[in-house]
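Okay, here's what each chain looks like letter by letter:
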Amino acid sequence: MNDDDFDPPPEAPEPPPDDACCGSGCDPCIWDSYNALMTEYRAKQAAWELREAARQTAANGQ
């Protein structure tokens, strides 16, 4: 494996502390921002899993 092949899985964003939301209805709320980051993370994770499956298939000679 060379450096061009390095493809680590994406890292999930850290959730904000439970007391980070002030409860005043901010737009966007810190939880809205976190949920947007989680949506992006899930898409990146799914794409990485497809690439990883293709690598595993190629490595097994199939």
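Given the structure is predicted, the values throughout are model-derived calculations rather than measurements.

Q: Where do I start with the overall build of the protein chain in this structure?
A: Assigned secondary structure in the protein chain consists of 1 helix and 0 strands. For the C-alpha atoms alone, the extent of the protein chain along its principal axes is close to 55 × 20 × 15 Å. Across the 62 residues of the protein chain, 13% fall into the buried class. Pairs at least 24 residues apart make up 50% of the contacts formed inside the protein chain by residues separated by at least 6 positions. Carbon together with sulfur atoms contributes 53% to the accessible area of the protein chain, which is approximately 5100 Å² in total. The distance from the centre of the 4 positive side-chain charges to the centre of the 13 negative ones in the protein chain is 7 Å.

Q: Would you take a moment to explain the UniProt feature "domain: Oxidoreductase-like" (unreviewed entry) in the protein chain for this structure?
A: As recorded in UniProt, the feature "domain: Oxidoreductase-like" (unreviewed entry) lies at residues 10-48. Between the first and last C-alpha atoms of residues 10-48 the distance is 8 Å; the span itself is 49% helix and 0% strand.

Q: Please clarify how helix H1 (residues 30-59) should be interpreted in this entry.
A: Taking 1.5 Å as the rise per residue, H1 with 30 residues should run 44 Å; its terminal C-alpha atoms sit 42 Å apart, in good agreement. Taken from the residues just after H1, Gly61 is the one with a positive phi, measuring 70°.

Q: What exactly am I supposed to notice about the environment of Asp5 here?
A: You can see Asp5 is positioned in the segment before H1. For Asp5, a relative accessible area of 39% puts it in the partly exposed group. When the C-alpha atoms of Asp5 and Arg55 are compared, they prove to be 10.0 Å apart, with 50 residues separating the residues in sequence.

Q: Looking at this structure, how should I read the packing of aromatic side chains?
A: For any pair of aromatic rings, the description rests on two quantities: the centre-to-centre distance and the angle between the ring planes. A full pass over the atoms with the stated rule returns 1 aromatic pair. Between Trp31 and Tyr34, the ring centres sit 5.6 Å apart and the planes meet at 90°, which makes this aromatic pair edge-to-face. In this pair, Trp31 and Tyr34 both sit in helix H1, 3 residues apart, roughly one turn of the helix.

Reading guide: rules and limits
- Residues numbered from 1 in each chain as written.
- Predicted model: local features only at pLDDT ≥ 70, side-chain atom pairs only at ≥ 80, totals over all residues.
- Heavy atoms only, no water.
- Helix = DSSP H or I, 4+ residues; strand = E, 2+ residues; numbered from the N terminus.
- Buried < 20%, exposed > 50% of the residue type's maximum accessible area, 1.4 Å probe, protein only.
- Contact = heavy atoms within 4.5 Å.
- Areas by Shrake-Rupley, 256 points an atom, 1.4 Å probe, with all protein chains shown as cover.
- Lys, Arg positive; Asp, Glu negative; His and termini not counted.
- Charge placed at Lys NZ, Arg CZ, Asp CG, Glu CD.
- UniProt positions renumbered as here; feature names shortened; annotations may be inferred.
- Expected span 1.5 Å × (residues − 1).
- Phe/Tyr/Trp six-rings, centres within 6.5 Å; stacked < 30°, edge-to-face > 60°.

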